[in-house]
Amino acid sequence: MAISVFSHASFVYTGEGIVNKEGRMLVPDDVSAIADGAIVCDSDKILWVGKTSELPAKYKKVKAMKLKGKRAIMPGLIDSHTHLVFAGSRAHEFARRCAGTTYQEIANEGGGILTTVKATREASIEQLFELAIKRALIAYRHGVRTIECKSGYGLDHESEIKCLKVIEHLKKAIPQMTFVSTYLGAHAIPPNVKKAKYIDEMIHQTLPEIKKKNLAEFCDVFVDEGYYSHQDGERILRAAKKLGLKTKIHADEMGNTESAHLAAKLEAHSADHLLKISNKGIAALAKADTVAGLLPGTAFYLKEAYAPARKMLDAGVRVAIATDFNPGSCYSLNLPLMMNLSALHMQMNSAEIFAGVTYSAAASLGREATKGALLPGFDSDFVVLPYDRFEEMYYRMGW
Ligand code: NIG
Ligand code: FE
């Protein structure tokens, strides 16, 4: 296999300190920056990382890409929560929201998520793919190399399967990126269908077909006031687990339903949103491996208070940062912008921000053994930054 060498990087950020602490109680030095660093890899795995001056003799024969001390190297960014597949626009609803109508009022009128469901049901798989691939490439240009993508705007068997198939097509179309698919059939209650009937459809028809055709790795449920209850969430996620899927919860976003606690109890890989998490929820996550997926772009876009990140981090919770890219509550694919918001509004330190888009994001996707750090044996998955320090990435706002 061909070997590549990158040398004379201003810094190689390995994230080793973060890995050693499993993402908890981080101090800035845990980014483990090697000054004047080098990295050696083949097309699959990292073989060696260290100082350029210590490059082993056998790799000196390989023509190196010399970065002249001007560029830093870090793990490929991981956007661990997106709703990438949907059709239609909600620009008109956004304008109304800015003029004072609330997100919930628009949803109660049959708009919001249901506006997007209508457009997504009407779209062909080809149309959905065209939209999704453009979005994936925007994420790529922001340094994202692994992206989680949810279904959830179909809300019936056929349309949900159609959206998951789009993600399968993305995997083939962009092999430079890793796509992780999540079935979020329980994103809202479908119009004109009883919730109990839809839950039966999810459990008895859609989940078994997903399993049979290997169409998703995760199952997610929106457990919130007016959406799915604890009991509903537990039923759906236990059925998914039985089939071998991993789980996530959209938790404590609009109100507190103690759904972070439920995520910890079910050993979900992540509990995401958490704007309204309680102390009980924080204590449960601190004891669990469940990662808190924080989505500061959504708080910003909905003009809500940010999740209590500092409280969670100080309690020992593992925190990931993601875009939540979706047409209603965060129409942005700019993960570095979310890092900027995390620094400014959630008082996160540089290692916490770094871990949020590398190690902890990988852990929330069950990939912490291969992604999110630059150590021998990890995937050859890194980005060469157009600047000499990692902090430049979130100092710039929305570039
Ligand atoms: O993650 N919380 C639920 N779902 C999305 C918003 C969906 C929409 O408005 O289309 C979210 O914020
Ligand atoms: Fe979401």
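All figures in this text were calculated on a predicted structure; none of them were measured in a lab. (Residues numbered from 1 in each chain as written. Chains lettered and ligands numbered in written order. Predicted model: local features only at pLDDT ≥ 70, side-chain atom pairs only at ≥ 80, totals over all residues. Heavy atoms only, no water.)

1. Quick look at the overall build of the chain
Here is step 1 of the chain: A tally of helices and strands in the chain yields 17 helices and 14 strands.
Here is step 2 of the chain: Here the C-alpha atoms of the chain give a radius of gyration of 21 Å, agreeing with the 21 Å that 2.2 N^0.38 yields for 399 residues.
Here is step 3 of the chain: Structurally, the chain occupies a C-alpha span of about 70 × 45 × 40 Å along its principal axes.
Here is step 4 of the chain: In the chain, buried positions account for 60% of the 399 residues. (Helix = DSSP H or I, 4+ residues; strand = E, 2+ residues; numbered from the N terminus. Rg over C-alpha atoms; globule rule 2.2 N^0.38 Å. Buried < 20%, exposed > 50% of the residue type's maximum accessible area, 1.4 Å probe, protein only.)

2. Topic: the coordination of the iron ion (ligand 2)
Here is step 1 of the chain: For the iron ion (ligand 2), every protein donor is listed as H81 (NE2), H83 (NE2), H250 (NE2) and D324 (OD), and the spread of their distances is 2.1 to 2.2 Å.
Here is step 2 of the chain: Mapped onto the polypeptide sequence, the residues donating to the iron ion (ligand 2) form the spacing pattern H-x1-H-x166-H-x73-D. With H83 in the loop between β6 (77-79) and α3 (91-98) and D324 in the loop between β13 (319-321) and α14 (335-345), this residue pair connects regions lying 241 residues apart in the sequence. In terms of burial, H83 and D324 fall into one category: buried. (Donors = N, O, S within 2.8 Å, 3.2 Å for Na, K, Ca; no water.)

3. As for the pairing of strand β3 (residues 46-51)
Here is step 1 of the chain: Of the pairings in the sheet, the one linking strand β2 (residues 33-41) to β3 comprises 5 bridges and is antiparallel in character. Opposite C41, over in β3, you have I46 as the bridge partner.
Here is step 2 of the chain: Taking the residues between adjacent antiparallel strands as the criterion, β2 and β3 are bridged by 4 residues. (Pairing = 2+ DSSP bridges.)

4. What about the domain arrangement of the chain?
Here is step 1 of the chain: Each domain of the chain was delimited in the assignment, giving domain 1 (4-76 + 375-388) and domain 2 (77-364).
Here is step 2 of the chain: Here the C-alpha centroids of domain 1 and domain 2 sit 31 Å apart.
Here is step 3 of the chain: Inspection of the region where domain 1 meets domain 2 yields 1 salt bridge.
Here is step 4 of the chain: Connecting domain 1 to domain 2 are 7 residue pairs in polar contact (both at pLDDT 80 or more).
Here is step 5 of the chain: Those elements that provide at least two residues to the side of domain 1 that touches domain 2 are α1 (16-20) and β5 (73-75). (Domains from an automatic or database assignment. Salt bridge = Lys/Arg side-chain N within 4 Å of Asp/Glu carboxyl O. Polar contact = N/O pair within 3.5 Å; in protein donor to acceptor, adjacent residues only side chain to side chain.)

5. Topic: the site of ligand 1
Here is step 1 of the chain: Taken together, 14 residues surround ligand 1, and among them Y103, Y153, H187, E253 and S329 come closest.
Here is step 2 of the chain: The separation between an oxygen atom of ligand 1 and a polar side-chain atom of Y103 is 2.4 Å.
Here is step 3 of the chain: When ligand 1 is considered free in solution it has 320 Å² of accessible area, and contact with the protein chains removes 100% of it.
Here is step 4 of the chain: When atoms are counted within 2 Å of each cavity's grid points, the one that captures over half of ligand 1 is the largest cavity.
Here is step 5 of the chain: In terms of residue class, the shell around ligand 1 is made up of 4 nonpolar, 7 polar and 3 charged. (Near = heavy atom within 4 Å. Areas by Shrake-Rupley, 256 points an atom, 1.4 Å probe, with all protein chains shown as cover. 1 Å grid on protein atoms, 1.4 Å probe; cavity = no way out; pocket = protein on both sides within 12 Å on 5 of 7 lines; lining within 4 Å. Sits in = over half its atoms within 2 Å of the grid points. Nonpolar A, V, L, I, M, F, W, Y, C, P; charged D, E, K, R; others polar.)

6. A closer look at α14
Here is step 1 of the chain: For α14, a buried count of 8 out of 11 residues is recorded, marking the element as mostly surrounded by other parts of the structure.
Here is step 2 of the chain: For α14, the set of buried residues is L335, P336, L337, M338, M339, N340, L341 and S342.
Here is step 3 of the chain: Its buried side turned inward, α14 meets β6, β7 (144-150), α12 (296-302), β13, α15 (350-357) and α17 (392-395).
Here is step 4 of the chain: For α14, the N-terminal cap is N334; the gap from its side-chain oxygen to the backbone nitrogen of L337 is 3.0 Å.
Here is step 5 of the chain: Looking one or two residues past α14, Q347 carries a phi angle of roughly 50°, positive in sign. (Contact = heavy atoms within 4.5 Å.)

7. Some remarks on the nonpolar core
Here is step 1 of the chain: Ranked by size, the top nonpolar core spans 124 residues in total, and within it L84, L274 and M312 carry the most contacts.
Here is step 2 of the chain: Excluding residues that lie within four positions of it along the chain, L274 makes contacts with A251, D252, A260, L285, A292, G293, L294, A307, P308 and M312.
Here is step 3 of the chain: Counting 9 residues, the second-largest nonpolar core is a separate cluster that includes V180, F218, A361 and L365. (Core = buried A, V, L, I, M, F, W, Y, C linked by side-chain atoms within 4.5 Å.)

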